Amino acid sequence: MHQQLENAMTSTIVVIGGGHGGAQAVETLRSEGFDGRLILISDESTLPYQRPPLSKKYLSGELAGERLPFRHRAYYDEHQIELKLGSRAARIDTGSRRVDLSNGDQIVYDRLLLCLGAISRNLTCPGADLAGVHYLRTVADVPAIQRAMQPGAQVVIIGGGYIGLETAATARKLRCEVTVLEMADRVMNRVAAPSVSEYFSREHCTQGVKLICNAMVTRLDGDTRVQRVVCVDGSTHQADLLIVGIGAVANVQLASEAGLRCDDGIFVDKYCRTSNPNVFAAGDCTNHPSSRYQMRVRLESVDNAFEQAKAAARNLIDRPTVHDRVPWFWSDQYENKLFIVGLSQGHDQEITRGDPATRSFSVCYLRGGELLAVEAINHSKDYVAARKLVADRARPNIDRLANPQVALKDTVEG
Ligand SMILES: Cc1cc2nc3c(=O)[nH]c(=O)nc-3n(C[C@H](O)[C@H](O)[C@H](O)COP(=O)(O)OP(=O)(O)OC[C@H]3O[C@@H](n4cnc5c(N)ncnc54)[C@H](O)[C@@H]3O)c2cc1C
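First things first, this report covers the structure right here in the doc. (Residues numbered from 1 in each chain as written. Predicted model: local features only at pLDDT ≥ 70, side-chain atom pairs only at ≥ 80, totals over all residues. Heavy atoms only, no water.)

### Let's talk about the overall build of the chain
Thinking step 1. From N to C terminus, the chain includes 11 helices and 26 strands.
Thinking step 2. Here the C-alpha atoms of the chain give a radius of gyration of 23 Å, agreeing with the 22 Å that 2.2 N^0.38 yields for 414 residues.
Thinking step 3. The buried share of the chain, taken over its 414 residues, is 53%.
Thinking step 4. Relative to all contacts within the chain whose residues are 6 or more apart in sequence, the contacts with residues 24 or more apart total 62%.
Thinking step 5. Here the chain has roughly 18400 Å² of accessible surface; of this, 46% comes from carbon and sulfur atoms.
Thinking step 6. Side chains of the chain give 48 positive and 49 negative charges; the mean places of these two sets differ by 2 Å. (Helix = DSSP H or I, 4+ residues; strand = E, 2+ residues; numbered from the N terminus. Rg over C-alpha atoms; globule rule 2.2 N^0.38 Å. Buried < 20%, exposed > 50% of the residue type's maximum accessible area, 1.4 Å probe, protein only. Contact = heavy atoms within 4.5 Å. Areas by Shrake-Rupley, 256 points an atom, 1.4 Å probe, with all protein chains shown as cover. Lys, Arg positive; Asp, Glu negative; His and termini not counted. Charge placed at Lys NZ, Arg CZ, Asp CG, Glu CD.)

### Some words on the nonpolar core
Thinking step 1. The biggest cluster of nonpolar side chains holds 64 residues, and the ones touching the most others in it are Leu54, Met149, Val178, Val180 and Val196.
Thinking step 2. In this structure, Val196 is in contact with Met188, Leu338, Phe361, Val363, Glu375 and Ile377, ignoring residues within four places of it in sequence.
Thinking step 3. One finds Ile81, Leu83, Cys272 and Ile317 within the second-largest nonpolar core, a separate group that totals 25 residues. (Core = buried A, V, L, I, M, F, W, Y, C linked by side-chain atoms within 4.5 Å.)

### Re the site of the ligand
Thinking step 1. Looking at the ligand, there are 32 residues lining it, with Gly21, Asp43, Glu44, Lys56 and Asp284 nearest.
Thinking step 2. Within the contact set of the ligand, an oxygen atom lies 2.5 Å away from a side-chain nitrogen or oxygen of Glu44.
Thinking step 3. Burial of the ligand by the protein chains amounts to 94% of its free accessible area of 990 Å².
Thinking step 4. Taken together, the residues that form the shell around the ligand break down as 12 nonpolar, 12 polar and eight charged. (Near = heavy atom within 4 Å. Polar contact = N/O pair within 3.5 Å; in protein donor to acceptor, adjacent residues only side chain to side chain. Nonpolar A, V, L, I, M, F, W, Y, C, P; charged D, E, K, R; others polar.)

### Topic: empty space enclosed by the protein
Thinking step 1. According to the stated counting rule, one finds one cavity of 30 Å³ or more in the structure shown.
Thinking step 2. Its volume calculated, the largest cavity comes out at about 90 Å³.
Thinking step 3. In terms of lining residues, the largest cavity is bounded by 13 residues, among which His288, Leu299, Asn304, Arg325 and Pro327 are the most central.
Thinking step 4. Counting residues per element, the ones that place at least two in the lining of the largest cavity are strand E20 (286–290) and helix H9 (302–316).
Thinking step 5. Classifying every residue of the lining of the largest cavity gives five nonpolar, four polar and four charged. (1 Å grid on protein atoms, 1.4 Å probe; cavity = no way out; pocket = protein on both sides within 12 Å on 5 of 7 lines; lining within 4 Å. Points joined across faces, edges and corners; volume = space filled by probe spheres on them.)

### Things to note about the pattern of salt bridges
Should the charged atoms of two oppositely charged side chains come close, the side chains can pair.
Thinking step 1. Evaluated as defined, the whole model comprises 27 salt bridges.
Thinking step 2. A salt bridge links Glu166 to Lys56, with the shortest nitrogen-to-oxygen separation between them at 3.0 Å. On the criterion of sequence distance, the pair formed by Glu166 in helix H6 (residues 162–173) and Lys56 in the loop between strand E2 (37–42) and helix H3 (57–60) is long-range, its members being 110 residues apart.
Thinking step 3. Look at Lys56 and you get buried, because its relative accessible area is 14%.
Thinking step 4. Salt bridges sharing partners connect three or more residues here, namely Asp303, Glu307, Lys310 and Arg325. (Salt bridge = Lys/Arg side-chain N within 4 Å of Asp/Glu carboxyl O.)

### A few points about helix H2 (residues 20–31)
Thinking step 1. Counted at 1.5 Å a residue, the expected span for H2 with its 12 residues is 16 Å, and the 17 Å between its end C-alpha atoms agrees.
Thinking step 2. Burial of H2 is extensive: 11 of the 12 residues sit out of reach of the surface.
Thinking step 3. Of all the positions in H2, only His20, Gly21, Gly22, Ala23, Gln24, Ala25, Val26, Glu27, Thr28, Leu29 and Arg30 are classed as buried.
Thinking step 4. Positive backbone phi, at 95°, marks Gly33, one or two positions downstream of H2. (Expected span 1.5 Å × (residues − 1).)

### Overview of the environment of Glu335
Thinking step 1. By secondary structure assignment, the location of Glu335 is in the loop between strand E22 (328–333) and strand E23 (336–342).
Thinking step 2. For Glu335, a relative accessible area of 71% gives the class exposed.
Thinking step 3. Taking the C-alpha atoms as reference points, Glu335 and Gly208, separated by 127 residues in sequence, lie 15 Å from one another.

### Comments concerning the sheet that holds strand E24 (residues 349–353)
Thinking step 1. Pairing is antiparallel across the open sheet formed by five strands, whose spatial order is E22-E23-E26-E25-E24. Strands at the two margins of the open sheet, each flanked by one partner only, are E22 and E24. Each strand of the sheet is rotated relative to its neighbour by a mean of 15°, with strand direction disregarded.
Thinking step 2. Where E22 lies against E23, six bridges are found, and the strand directions are antiparallel. (Pairing = 2+ DSSP bridges. Axes fitted to C-alpha atoms, helices over the stretch in contact; angles between N-to-C directions.)

### Description of the pairing of strand E1 (residues 12–16)
Thinking step 1. Of all five residues in E1, five are buried, a share of seventy percent or more.
Thinking step 2. The side-chain alternation of E1 yields two buried faces, one formed by Thr12, Val14 and Ile16 and the other by Ile13 and Val15.
Thinking step 3. Of the pairings in the sheet, the one linking E1 to E2 comprises five bridges and is parallel in character. Bridge assignment links Thr12 to a residue of E2, and that residue is Arg37.
Thinking step 4. On the question of chirality, the crossover connecting E1 to the parallel E2 by way of H2 is right-handed.
Thinking step 5. Relative to strand E7 (residues 111–114), E1 is paired through four bridges, and the arrangement is parallel. The residue of E7 that forms the bridge with Val15 is Leu113. (Right-handed = clockwise from strand over helix to strand, strands pointing away.)

### Some words on the packing of H2 against H9
Thinking step 1. Between H2 and H9, the shortest axis-to-axis distance is 8 Å and the interhelical angle comes to 40°. By crossing handedness, the relation of H2 to H9 is classed as right-handed. Each of His20, Gly21, Gln24, Ala25, Thr28 and Leu29 in H2 lies in contact with H9, whose residues at this interface are Val302, Ala305, Phe306, Ala309, Lys310, Ala313, Arg314 and Leu316.
Thinking step 2. Residues of the contact of H2 with H9, tallied by class, amount to eight nonpolar, four polar and two charged. (Left-handed = near helix turned anticlockwise from the far one by under 90°.)

By themselves, these figures tell us nothing about what the structure is for.
The structure is reproduced here in structure tokens:
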């Protein structure tokens, strides 16, 4: 083990993907004392940056571009982290431990970490390739959207998930006319309780968004630019700008072509190891085990990317570290903050704490009396308490849980 560690500390580690996970991993490697060669490959041409503001304050213009990167260039230079920006890894040869870049360069590694993130799910209906159809995933996607989000512009957003709704809120702030088309019968239907969906639907409608559920888009019309969105029921929606927010899929192509096991994400164990002993993975691209929920999960969350990358970095240098956290996410829409702690699948009881009319309430999910997940709307105390209680598999007293006057942290007896 000691010999293994010595070697690991002086070898070459290559990280592919300069998003939340990749940026965190190189920082952790250096802070843990790794002093070998360290290379970060990113196909984006910018320094690693925070992605959440892209649909929020960066899109609205309230957050300046200089505030997006995690670190200045000097940090990477001082810590001898070789940045290969604007470089796409095209192929991994796990036999010769080599990464081929699309510019023809080749990099040999001792250990490799994949932080490849997720890619937006594409709209496939006729007209999907017209100009004026946009996706929002990288900072490079923003300027064209911002240019089109002029006051009075007709913005149609396909998808009422987090990104669609956050973008709708920002577009309203910029005084655009906004229509959201959601295929399901309620917004955020995969991630939130009906009462939470209802609360956010009402917020959007109050703010002037035209929100249409059960809307199945069949085609986009326009000569060269999108002009109209046509739904299966024959309804049409004028569009100067169309944003597609219909979810994302794990970015696994590079890994699967390299022969790594993939199954709704790159398959990793609790030590972030892939099916190849020298290759690790972290963040949105992984499918990993959760002991809390006794199942494998694929998450799209900043917290998961940061924490899994920290664990992966330590494992890369033979400091065994388990990644097994209760997931949590957040979303900002207008002045509302939604926190989701845990996973609610399989719940057999749902308790609402507080009245949505007060604009501050929480929905708690239980299974067999055990707290599985909490959705907290404008309620940071419940969010903080939920992180501990869900992780501890707490069994709250139901009467106390249903009473918003009792602090969530005090709902467990004994
Ligand atoms: C608009 C938007 C808003 C969001 N808001 C929130 C939020 O409010 N809260 C929250 O918890 N999460 C939010 N998320 C999700 C969050 O940003 C992700 O979960 C997080 O970025 C995942 O980190 P990651 O490192 O796994 O992937 P990413 O940050 O996506 O990084 C992956 C990187 O790898 C690069 N890459 C991929 N393939 C290659 C290759 N072959 N060669 C070189 N580079 C490659 C990609 O270009 C990218 O830079 C948001 C996401 C988006 C898009």
